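Structure assessment
Given next are the chains, with one letter for each unit.
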2 protein chains.
Amino acid sequence: MSQGSVGIVKPKMMQFDEPIELQGRARIDSYQLAYESYGELNAERSNAILVCHALNASHHVAGIYADQTENVGWWDNLIGPGKPVDTERFFVLGVNNLGGCHGSTGPSSIDPRTGKQWGGDFPVVTVEDWVEVQARLASRLGIDQFAAVVGGSLGGMQALQWTIDQPERVRNALVIAAAPKLSAQNIAFNEVARTAITSDPEFHGGNYYEHDVVPRRGLRIARMIGHITYLSDDAMDAKFGRNLREDVLKFNFDIDFQIESYLRYQGDKFADTFDANTYLRITKALDYFDPAASYGGDLTAAMKNSKSDYLVVSFTSDWRFSPERSRELVKAMVENRLNVSYAEIEAPHGHDAFLMNDAIYHNLIRAYLERVST
Amino acid sequence: MSQGSVGIVKPKMMQFDEPIELQGRARIDSYQLAYESYGELNAERSNAILVCHALNASHHVAGIYADQTENVGWWDNLIGPGKPVDTERFFVLGVNNLGGCHGSTGPSSIDPRTGKQWGGDFPVVTVEDWVEVQARLASRLGIDQFAAVVGGSLGGMQALQWTIDQPERVRNALVIAAAPKLSAQNIAFNEVARTAITSDPEFHGGNYYEHDVVPRRGLRIARMIGHITYLSDDAMDAKFGRNLREDVLKFNFDIDFQIESYLRYQGDKFADTFDANTYLRITKALDYFDPAASYGGDLTAAMKNSKSDYLVVSFTSDWRFSPERSRELVKAMVENRLNVSYAEIEAPHGHDAFLMNDAIYHNLIRAYLERVST
């Protein structure tokens, strides 16, 4: 763990008994949210930063758990005392999204109407739904307005949606490695991942819990595909190239190349820890994200009530959500005469760059947040 | 079918009883090759062109079958009387590669040693092996030297390998949308496809024939992944964008977007017609292709005995084998003072562009072959 850690943290749980009507018209009568917080909320309750998570992360954003010291929060390099997101100034909040598999109500939770796990009946939850749920949590915690909402990738999409749906409740949005909507190719990758899961014979229409199995093969493949899109071609070549795991080609279907070994390892690890039903739903939330859709595709119109200031960040080698996609966001912000800083970071790592400890990137976030009043 | 078709064609079969020792040290005692030819071999036997196929194609390169008039050869737009590869001048030969599933000996053939289908025991066959086998077929047909060997993608790799392994037997090589070797990302996509197939419960270690099943789910996913890499992001956006199949989002896991429908359709069609064992082996042949490997990575050294003239063609939007990869080939050719023409075609279609009827591309091939003496 790096210096300036928030140290040992404990996840908390908040119960909500007010029903939520989801964008897809399904209704969840009651639910709980797992969350963590670091730093202290000031007396004015004006120093809160919400960190939104991407596809496979959670509310465990920084620090470690007392009983799992190797389980470091996924954005620990960015968040902590003296770090770019400085927990000595800010109260930082991480929430496991509704539909998740790390403590918040999701497909593996008990559906109170049936007394059984939701499974395949758990509804599709969208970015808009998440913003609504996060806003409810903020209200419970007494936070009327966030100093900033921050996120990368799907997390960045949530930050953007906050400024559209809750313009009075967010002063700054840090939208990192995101896009205003998925391209056909982005959707295509998600669809292959979903097909791998739903066509796994152990999927059982999403009700695999009651069969005491997991659609492991499908999840592995989904994760392997994901990893290809997270890394740039160059980064993969630099890291693995055509290096063999052993010295010779095997002329069979065991592992020849190190990249194969890496993908299989990542696939296996993921299949051990992530819930397939959650994966399916999060990819749908990505596919559906398109705030301009109800404005005839006009993102500028969609953002007409936004009043937040923005930091938009992209990475040169990100081919999942390329800098071009971030510039579409910037254009809509500029056209609405909103304050926006935009940085295109020269980085070789691909989409994963938003999670990396890159000095230029981190200094940029530090400098931006230093100007944010609390 | 377009004008200038070779018309109705018939596949032929050639039996070989001389064993072949494969690069991977396995041995096949006897085998047959399915092939087709169009045009007439001249008296000097000097006007033959070999067309090598890529991942999922076959010896059926041009024309139609009398009993399957919808089954048009895969490069029919390029090859025929008066077409760029003019069958009024050239004798054009297409061969189903060893290990294939369209008539040549492959995993679904009977292994004479056991009397059962080879299945999972069929060896991995490489690009070098294919060149050796194609050369044997040429000898049988009385062709000492090809006027040209032509191929796109994996077919282009075979054309290149011909000029390295059989420099006396090929006067021109047309190497289209190819690369001197796969990148880590290229291998990664292949590995995900293979994992989808081998982890399908109906794969049975490759011996699914005897269980009377097919690893259909795996093949579908393999093909869906393939299609993403064949098309450019822009081409996919132009063709499908975020268009919905029906008018509204469904908030379930049926098909929402047209791109999903397209991929599922392509996956299903492929799973109905292609053999999974062949797919596995062809992706391995791709991964293993690296003529420079035995020269310490020096492609120029690997090509030191080549004497062919070359036409190298790449397509601007091809992200599977980008123009940069073709330029690596050109560099090695130039460094060996070989005659090489190189064209980077402005085309939006991605890797699939090599199969398209693009006027600039086709006129280029026409002009090149018009200069080839017969």
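Just so we're clear, the structure is a prediction, and the values are computed from it rather than from any experiment.

Moving on: empty space enclosed by the protein. Enumeration over the complete set of coordinates arrives at six cavities of 30 Å³ or more. The space that makes up the largest cavity amounts to roughly 100 Å³. Forming the boundary of the largest cavity are 14 residues, of which A:Ala196, A:Asp200, A:Arg217, B:Ala196 and B:Arg217 lie nearest the centre. Among the secondary structure elements, those contributing two or more residues to the lining of the largest cavity are helix H4 (216-230) of chain A together with helix H4 (216-230) of chain B. Grouping the constituent residues of the lining of the largest cavity by class yields six nonpolar, four polar and four charged.

Below, the discussion takes up the nonpolar core. Grouped burial of nonpolar side chains is what soluble globular proteins tend to show. Within the largest apolar cluster, 253 residues are counted, with the highest numbers of intra-cluster contacts made by A:Ile176, B:Trp75 and B:Ile176. In this structure, B:Ile176 is in contact with B:Trp75, B:Val150, B:Gly151, B:Gly152, B:Ser153, B:Gly156, B:Val313, B:Phe315, B:Phe354, B:Tyr361 and B:Ile365, ignoring residues within four places of it in sequence.

Residue and element names in this part refer to chain A. Sheet architecture is open: eight strands sit in the order S1-S4-S8-S5-S11-S12-S13-S14, paired in mixed fashion. Where the open sheet ends on each side, the last strands, each with one partner, are strand S1 (12-16) and strand S14 (340-345). If you compare each strand with its neighbour and ignore which way they point, the axes differ by 20° on average. Examined bridge by bridge, strand S13 (residues 309-315) and S14 share six bridges and lie parallel to one another. Along S14, the bridge assignment pairs Ser314 with Glu344. Contacts from helix H1 (residues 127-140) reach S1, strand S4 (31-38), strand S5 (48-52) and strand S8 (91-95) within the one sheet, and its direction differs from that of S1 by about 105°. Across the face of the sheet, helix H10 (residues 359-370) comes into contact with S5, strand S11 (148-152), strand S12 (172-176), S13 and S14 while running at roughly 180° to S13.

Moving on: the sheet that holds strand S5 (residues 48-52) of chain B. Residue and element names in this part refer to chain B. With mixed pairing, eight strands are arranged side by side in an open sheet as S1-S4-S8-S5-S11-S12-S13-S14. The outermost strands of the open sheet, each flanked by one partner alone, are strand S1 (12-16) and strand S14 (340-345). The mean inter-strand angle of the sheet, taken between neighbouring strand axes irrespective of direction, is 20°. Strands S1, strand S4 (31-38), S5 and strand S8 (91-95) of the sheet are contacted by helix H1 (residues 127-140), whose axis makes an angle of about 105° with S1. Each of strand S12 (172-176), strand S13 (309-315) and S14 is contacted by helix H9 (residues 323-335), which is oriented at about 170° to S14, the strand it contacts most.

The next point concerns the packing of aromatic side chains. Scanning all chains against the criterion turns up 30 aromatic pairs over all chains. A centroid spacing of 5.3 Å and a plane angle of 45° characterise the contact between A:Trp319 and B:Trp319, whose relative ring orientation is tilted. Linking A:Trp319 in the loop between S13 and helix H9 (323-335) with B:Trp319 in the loop between S13 and H9, this pair reaches from one chain into another. Judged by its relative accessible area of 21%, A:Trp319 falls in the partly exposed class. Judged by centre distance (5.1 Å) and plane angle (20°), the rings of B:Trp74 and B:Trp75 are stacked. Each of the two residues, B:Trp74 as well as B:Trp75, counts as buried. Within the aromatic cluster, the residues linked to one another by ring pairs are A:Phe189, A:Trp319, B:Phe189 and B:Trp319. The aromatic ring of B:Phe16 is capped on one face by B:Arg140, whose charged end is 4.4 Å from the ring centroid.

Contact with chain B, which involves 52 residues of that partner, is made by 52 residues of chain A. Of the roughly 4,500 Å² buried at the junction of chain B and chain A (both faces included), carbon and sulfur atoms supply 69%. The three residues of chain B that bury the most area against chain A are B:Arg242, B:Phe251 and B:Phe253, which together make up 18% of that side's buried surface. Taken together, the connections running from chain B to chain A amount to ten salt bridges. Joining chain B to chain A, the criterion identifies 22 residue pairs in polar contact (both at pLDDT 80 or more). Looking at the side of chain B that touches chain A, the elements that each hand over two or more residues are helix H3 (184-198), H4, helix H5 (233-239), helix H6 (258-273) and helix H7 (276-288) of chain B. Looking at the side of chain B that touches chain A element by element, the count peaks at ten residues for H3(B). Looking at the side of chain B that touches chain A, its residues break down into 26 nonpolar, nine polar and 17 charged.

Here the focus is the relation of the copies chain B and chain A. Of the transformation placing chain B onto chain A, the axial shift is 0.0 Å and the rotation is 180°, giving an RMSD of 0.0 Å. Such a turn and shift between the copies fits a two-fold axis. Most of the interface of chain B is mirrored in chain A, where 100% of its interface residues are also at the interface.

Confidence in the prediction of chain A, expressed as mean pLDDT, is 97, and 99% of residues score 70 or more. Of the two predicted TM-score estimates for the complex, the pTM is 0.97 and the ipTM is 0.95.

On to the pairing of S4(B). Residues and elements named next belong to chain B. Within S4, seven of the eight residues are buried, which leaves it mostly tucked inside the rest of the structure. Of the pairings in the sheet, the one linking S1 to S4 comprises five bridges and is antiparallel in character. In the strand pairing of S4, Met13 is matched with Ala34.

Moving on, we come to the environment of B:Leu231. Mapping B:Leu231 onto the fold places it in the loop between H4 and H5. C-alpha separation for the pair B:Leu231 and B:Arg320, spaced 89 residues apart in sequence, amounts to 8.8 Å. Excluding anything up to four places from it in sequence, B:Leu231 contacts A:Gln185, B:Met236, B:Tyr262, B:Trp319, B:His349, B:Gly350 and B:Asp352.

Quick look at the packing of H1(A) against helix H2 (residues 154-165) of chain A now. Residue and element names in this part refer to chain A. For the pair H1 and H2, interaxial distance at closest approach is 9 Å and the crossing angle is 70°. Considered as vectors, H1 and H2 are oriented roughly perpendicular to each other. Crossing geometry of H1 relative to H2 is assigned as right-handed. Of H2, the residues touching H1 (which contributes Val127, Glu128, Trp130, Val131, Gln134 and Ala135) are Leu154, Met157, Gln158, Gln161, Trp162 and Asp165. Split by residue class, the contact of H1 with H2 holds seven nonpolar, three polar and two charged.

Calculation rules
- Residues numbered from 1 in each chain as written.
- Chains lettered and ligands numbered in written order.
- Predicted model: local features only at pLDDT ≥ 70, side-chain atom pairs only at ≥ 80, totals over all residues.
- Heavy atoms only, no water.
- 1 Å grid on protein atoms, 1.4 Å probe; cavity = no way out; pocket = protein on both sides within 12 Å on 5 of 7 lines; lining within 4 Å.
- Points joined across faces, edges and corners; volume = space filled by probe spheres on them.
- Helix = DSSP H or I, 4+ residues; strand = E, 2+ residues; numbered from the N terminus.
- Nonpolar A, V, L, I, M, F, W, Y, C, P; charged D, E, K, R; others polar.
- Core = buried A, V, L, I, M, F, W, Y, C linked by side-chain atoms within 4.5 Å.
- Buried < 20%, exposed > 50% of the residue type's maximum accessible area, 1.4 Å probe, protein only.
- Contact = heavy atoms within 4.5 Å.
- Pairing = 2+ DSSP bridges.
- Axes fitted to C-alpha atoms, helices over the stretch in contact; angles between N-to-C directions.
- Phe/Tyr/Trp six-rings, centres within 6.5 Å; stacked < 30°, edge-to-face > 60°.
- Lys NZ or Arg CZ within 6 Å of the ring centre and 35° of its normal.
- Buried area = accessible area lost by both parts, 1.4 Å probe.
- Salt bridge = Lys/Arg side-chain N within 4 Å of Asp/Glu carboxyl O.
- Polar contact = N/O pair within 3.5 Å; in protein donor to acceptor, adjacent residues only side chain to side chain.
- Least-squares fit on C-alpha atoms with pLDDT ≥ 70 in both.
- pLDDT = per-residue confidence, 0-100.
- Parallel < 35°, antiparallel > 145°, perpendicular 65-115°, else oblique.
- Left-handed = near helix turned anticlockwise from the far one by under 90°.

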